[in-house]
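What the coordinates show
Listed here are the chains, written in short residue letters.
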Amino acid sequence: MSSVDIVVPVYNEEQALALSIGQLRDFCLRALDYEWSIVIADNASTDGTGQIGQELARELRDVRYLYLPQKGRGRALKKAWLESAADIVCYMDVDLSTRLDALPRLLDAIAKEGYDLASGSRVARGSQTTRALKREVISRGYIALTKALFRNRFSDAQCGFKGASRRAVQALLPLTQDNAWFFDTELLLLAEMAGLRVKDIPVTWVDDPTSTVRIWRTAGEDIKGLLRLRFRPPAALREVRRRLSKGELA
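Here's a quick rundown of the structure. (Residues numbered from 1 in each chain as written. Predicted model: local features only at pLDDT ≥ 70, side-chain atom pairs only at ≥ 80, totals over all residues. Heavy atoms only, no water.)

Structural notes on the overall build of the protein chain
For the protein chain, the count of helices and strands is 9 helices and 9 strands. The C-alpha atoms of the protein chain give a radius of gyration of 17 Å, which matches the 18 Å a tight globule of 250 residues would have. Projecting the C-alpha coordinates of the protein chain onto the three principal axes gives extents of approximately 45 × 45 × 35 Å. Excluding contacts between residues fewer than 6 apart, the proportion of contacts in the protein chain whose partners are at least 24 apart in sequence is 80%. Accessible surface for the protein chain amounts to roughly 12,100 Å². Of this, 50% is attributable to carbon and sulfur atoms. (Helix = DSSP H or I, 4+ residues; strand = E, 2+ residues; numbered from the N terminus. Rg over C-alpha atoms; globule rule 2.2 N^0.38 Å. Contact = heavy atoms within 4.5 Å. Areas by Shrake-Rupley, 256 points an atom, 1.4 Å probe, with all protein chains shown as cover.)

In structure tokens form, the structure reads like this:
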């Protein structure tokens, strides 16, 4: 049976953390046929998130707490995933915007279907999305720009719901430079550049109206990241392809 670490990156989520982890844990106990653990990855919270996370980890044997002194979702995921000994790692946003019934399909794509990565998609056939018009327009524009620059096959880079095999983590994370929101896009683009298999997972997704993400600032950083990858791909990518082809990463 494959083992799974489910990482939930958080920053100042004292209001939502306990309830969300409880809902996630209840679902895993009921619906997952894997050996699983939940990892709360706290990237420099300044409210009561740390205390709540540590209490949950003490009380629940299948919950762990990880603290990082610097902000950044990408930074939190890199540390949690690279330190994991699980066969599969995944993550989801603490607001659980993605309905949890997609989680078994995400994990099965890697454990049973042989994909290296699986990524939630809010635009793939079968998905259902509820969000404000402004966010929808910006998201669709970003998807179109990414396709124009890279001709990528995955359909939605920024959905906060992704999984990866251990070999994908070993191959890709040393190449990823972004420590914030562009991490997701960079991970998927590097995966396709390296010849790894990525599967879209249609999801039911509901926008969190309390989200603190600064849309325009994030969009600007994402565009900078796209241009960096398009014109300055990692020099080590060729070596990663060679090692993958020879089975040196497993």
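Now that the structure has been shown, we can carry on.
Overview of unusual backbone geometry
If a residue is not glycine, its phi is most likely negative; likewise, a peptide bond is most likely trans. The phi dihedral of N12 is positive, around 50°, even though this residue is not glycine. Within the element layout of this structure, N12 appears in the loop between β1 (3–10) and α1 (17–31). Positive phi, normally seen in glycine, also occurs at R151, with a value near 55°. Within the secondary structure layout, R151 lies in the loop between α5 (133–150) and β7 (161–165).

Focus on the side chain of S3
Mapping S3 onto the fold places it in strand β1. By relative accessible area, S3 is classed as buried at 17%. Discounting residues that sit within four places of it in the chain, S3 has contacts with E35, A85, A86, D87 and I88. (Buried < 20%, exposed > 50% of the residue type's maximum accessible area, 1.4 Å probe, protein only.)

Points about helix α9 (residues 237–245)
Buried within α9 we find L237, V240 and L244. Burial along α9 is one-sided: seen end-on, the buried residues are contained in an arc of 55°. Residues of α9 that are exposed and point over 90 degrees away from its buried face: R238 and S245. Tucked inside the fold, the buried residues of α9 contact α6 (166–172) and α7 (183–193). Looking at the residues trailing α9, positive phi occurs at G247, about 70°. (Arc of directions from axis to C-beta.)

Some words on the pattern of salt bridges
Under the criterion given, the structure shown has 20 salt bridges. A salt bridge links D156 to R122, with the nearest nitrogen and oxygen atoms 2.8 Å apart. With D156 in the loop between α5 and β7 and R122 in the loop between β5 (117–121) and β6 (128–130), this pair connects stretches of sequence that are 34 residues apart. Exposure class is identical for D156 and R122. Each is buried. (Salt bridge = Lys/Arg side-chain N within 4 Å of Asp/Glu carboxyl O.)

Structural notes on the sheet that holds strand β2 (residues 35–43)
Reading across from one edge, β3-β2-β1-β4-β7-β5-β8 is the order of the 7 strands in this open sheet, with mixed pairing throughout. Every other strand in the sheet has two partners, leaving β3 (63–68) and β8 (198–202) as the edge strands with one partner each. Along the sheet, successive strands turn relative to each other by an average axial angle of 20°, direction set aside. Pairing of β1 with β2, which is carried by 8 bridges, proceeds in the parallel orientation. Note that in β2 the partner of V7 across the bridge is V39. Against the sheet, α1 engages β1, β2, β3 and β4 (88–92), with an angle of about 165° to β2. (Pairing = 2+ DSSP bridges. Axes fitted to C-alpha atoms, helices over the stretch in contact; angles between N-to-C directions.)

Remarks on the environment of L77
One can find L77 in helix α3 (residues 73–83). Overall, the relative accessible area of 0% leaves L77 in the buried class. It is 22 Å that separates the C-alpha atoms of L77 and G220, two residues lying 143 residues apart in sequence. In this structure L77 touches V7, P9, L82, Y91 and F183, once residues within four positions along its chain are discounted.

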